[in-house]
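Fold and geometry: a report
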Amino acid sequence: MTTTPTLTSKHVETLALHAGFRSDPTTGAIAVPIYQTTSFDLGSTQNAIELFSLQKFGNVYTRIMNPTTDVLEQRMSAIEGGVMAMALASGQAAITASITTIAQAGDNIVSGTDLYGGTWNLFAHTLKAMGIEVRFVDPSDPDAFRRAADSKTRAFFGETLPNPKLVPFPIQEVALIGEELGIPLIVDNTAAPLICRPFDHGAHVVVYSTTKYIGGHGTSIGGLLIDSGRFDWEKHADRFPTLSQPDPSYHGTVWIDAVKPLGPIAYALKARISVLRDTGACMSPFNAFMFLQGLETLPLRMREHSRNADSIARFLADHPSVTKVIHPGLFTGEDKRRVETYLTGGNGGLVGFELAGGAEAGLAFIDRLQLLHHVANIGDARSLAIHPATSTHQQLTEERQLAAGVTPGYVRLSVGIEHYDDIEADLTQALDGLGQLAKAA
Ligand code: PLP
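Report follows, based on the coordinates.

1. Remarks on the overall build of the protein
A count of helices and strands for the protein gives 16 helices and twelve strands. For a compact globule of 441 residues, the expected C-alpha radius of gyration is about 22 Å, and the protein comes in at 23 Å, within 12% of that figure. By its C-alpha atoms, the protein is 80 × 55 × 35 Å across when sized along the principal axes. Within the protein, the fraction of its 441 residues that count as buried is 56%. For the protein, the proportion of contacts with a sequence separation of at least 24, taken over those separated by at least 6, is 71%. Total accessible area computed for the protein in this model is approximately 18,400 Å², and 54% of it derives from carbon and sulfur atoms. Taking the average location of the 34 positive side-chain charges in the protein and that of its 46 negative ones, the two points are 3 Å from each other.

2. Topic: the sheet that holds strand β8 (residues 322–326)
Strand pairs in the sheet, formed through backbone hydrogen bonds, run parallel or antiparallel to each other. Pairing is mixed in the open sheet, where five strands are placed in the order β8-β9-β12-β11-β10. Of all the strands in the sheet, just β8 and β10 (373–374) have a single pairing partner and so form its edges. Judged from the four bridges that link them, β8 and strand β9 (residues 350–355) form a sheet pairing that is antiparallel. When the sheet's bridge partners are listed, Val322 is paired in β9 with Leu355.

3. Quick look at the nonpolar core
One finds Leu72, Met76, Ile79, Phe156, Ile171 and Leu185 to be the most contacted residues of the largest nonpolar core, which totals 60 residues. Taken domain by domain, the makeup of this core includes at least three residues from each of domain 1 (12–293) and domain 2 (298–440). Filtering out sequence-adjacent residues up to four positions away, Met76 remains in contact with Tyr208, Ile214, Leu224, Ile226 and Leu295. Core analysis: the second largest hydrophobic core is formed by 41 residues, Ala103, Phe231, Trp233 and Ala266 among them.

4. Some words on the sheet that holds strand β4 (residues 153–159)
With mixed pairing, the seven strands of this open sheet are ordered in space as β1-β7-β6-β5-β4-β2-β3. If you trace the sheet from one side to the other, it starts and ends with β1 (84–88) and β3 (133–137), each paired once. Strand-to-strand twist across the sheet, computed as the mean angle between neighbouring axes with direction ignored, equals 20°. On top of the sheet, helix α3 (residues 67–80) reaches β1, β6 (205–209) and β7 (223–227); it is set at about 130° to β1, its chief contact.

5. Things to note about the packing of aromatic side chains
Summed over all chains, the structure comprises ten aromatic pairs. Look at Phe145 and Phe156: their rings are 5.3 Å apart centre to centre, the planes differ by 75°, and that puts the pair in the edge-to-face class. Of this pair, Phe145 sits in helix α6 (residues 143–148) while Phe156 sits in strand β4, and the two are eleven residues apart along the sequence. For Phe145, a relative accessible area of 0% gives the class buried. Measuring from centroid to centroid gives 5.4 Å for Trp233 and Tyr267, while their planes differ by 5°, and the two rings are stacked. Highlighted residues: Trp233 in the loop between β7 and α8 (241–244) and Tyr267 in helix α10 (residues 266–279), separated in sequence by 34 residues. Using a relative accessible area of 6% as the deciding quantity, one classes Trp233 as buried.

6. Some words on the pattern of salt bridges
Evaluated as defined, the whole model comprises 23 salt bridges. Here Lys260 ties to Glu234 by a salt bridge, and the two come within 3.1 Å at their closest N and O atoms. You can see Lys260 sitting in the loop between α9 (255–258) and α10 and its partner Glu234 sitting in the loop between β7 and α8, a full 26 residues away along the chain. Look at Glu234 and you get partly exposed, because its relative accessible area is 44%. Each of the salt bridges in this network shares a partner with another, and the network as a whole consists of Asp141, Asp143, Arg146, Arg147 and Glu180.

7. Considering the pairing of β7
Burial of β7 is extensive: five of the five residues sit out of reach of the surface. Residues Gly223, Leu225 and Asp227 point to one face of β7 and Leu224 and Ile226 to the other, with burial holding for every one of them. Alignment of β1 against β7, held across five bridges, turns out to be antiparallel. The residue of β7 that forms the bridge with Leu88 is Gly223. Both β6 and β7 contribute to a ladder of five bridges, which runs antiparallel. Among the inter-strand pairings, Val207 is bridged to a residue of β7, identified as Leu225.

So, how was this worked out
- Residues numbered from 1 in each chain as written.
- Predicted model: local features only at pLDDT ≥ 70, side-chain atom pairs only at ≥ 80, totals over all residues.
- Heavy atoms only, no water.
- Helix = DSSP H or I, 4+ residues; strand = E, 2+ residues; numbered from the N terminus.
- Rg over C-alpha atoms; globule rule 2.2 N^0.38 Å.
- Buried < 20%, exposed > 50% of the residue type's maximum accessible area, 1.4 Å probe, protein only.
- Contact = heavy atoms within 4.5 Å.
- Areas by Shrake-Rupley, 256 points an atom, 1.4 Å probe, with all protein chains shown as cover.
- Lys, Arg positive; Asp, Glu negative; His and termini not counted.
- Charge placed at Lys NZ, Arg CZ, Asp CG, Glu CD.
- Pairing = 2+ DSSP bridges.
- Core = buried A, V, L, I, M, F, W, Y, C linked by side-chain atoms within 4.5 Å.
- Domains from an automatic or database assignment.
- Axes fitted to C-alpha atoms, helices over the stretch in contact; angles between N-to-C directions.
- Phe/Tyr/Trp six-rings, centres within 6.5 Å; stacked < 30°, edge-to-face > 60°.
- Salt bridge = Lys/Arg side-chain N within 4 Å of Asp/Glu carboxyl O.

Now the structure itself:
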């Protein structure tokens, strides 16, 4: 076991370095050790009985919990302002668990349409095949969530900063509708860690692909689910039988009752003790260690990503080969209001733009890049670029591509933390090369 510091700070810069761990009691190590073990000594049979009957928490088996992973969970829960977090093998695993903890065959959830493609596939196909219907609504109209909900709706879902549109999700508005109807709001905050704090706006559960900014170094795939502890499951017990009815997979435990001495962790505990235990998509201790390394510098990196991306967006807006730039810092009207409400810590690192020369120009631009990497990822410390119409969104019809905001000449950048001048120089040479191509033609 590790020693936990008494931390009074509410500052994310401090929490990212200290929350959940002070030093290893055996060796004194101040870096979080990697507990690369499958199992833990249960000690006496009495101790085993108490652990398995949840009379006390402790390490049993790494599929369910692990001391290295536990520090990451405590740290992210402290940063986000939640009551309990759970690490998973990937962002996709975190999203799946966030829903299957409360929805079963015959139930539905209502989700915004502006989603990462993998989440769209999970919702439109895999959850559907499991009997969970996902009703998609336009997030620019928050009331659409109310209209799509019924007595079988178990959650609302949205992405804080969905790309390519980059218009923040109306967290407050949808969370309020959820409070009225007794439906929790789950928010995927992958693209906006620290710059948006979804719990401050009323969200009930936050999920992350830690693969992106939280890791930051592009080395590891992982996910997190964080429970705010603020949703009143007991008040809406009829809507949530997985928490309010005896759970046959845990000798009839009623999760809402079981957690009464422990605090408001019914959702997080069911997610771990039942869903993670049974589906097995746990994070490896080694990856938890990698994410802890990334997390230490996340506050610094998010500031730098936002600063560089703001400048790149302005640079692109002035470039003659670029017809449109999509970036939160350039919005007007209602979209700007949403940016000012939700992105209080910066605009993030994502920038989209359209090239006058369509798909041909988009492909030529990517091929000319020398510093920026051509990859499908976002949130790396390095700057990244991709031409979505021929890659991430290639399988969609042109109509669906356009609905998602992907035009033939659209390029997505995930602006990194290199020196600004070098990023701009690489974009300049790639864009200027397009001008020469056009002249030659
Ligand atoms: N959510 C968002 C917003 C993403 O961008 C991604 C991946 O690109 C995911 C979830 C899925 O994460 P992972 O690749 O870690 O499963």
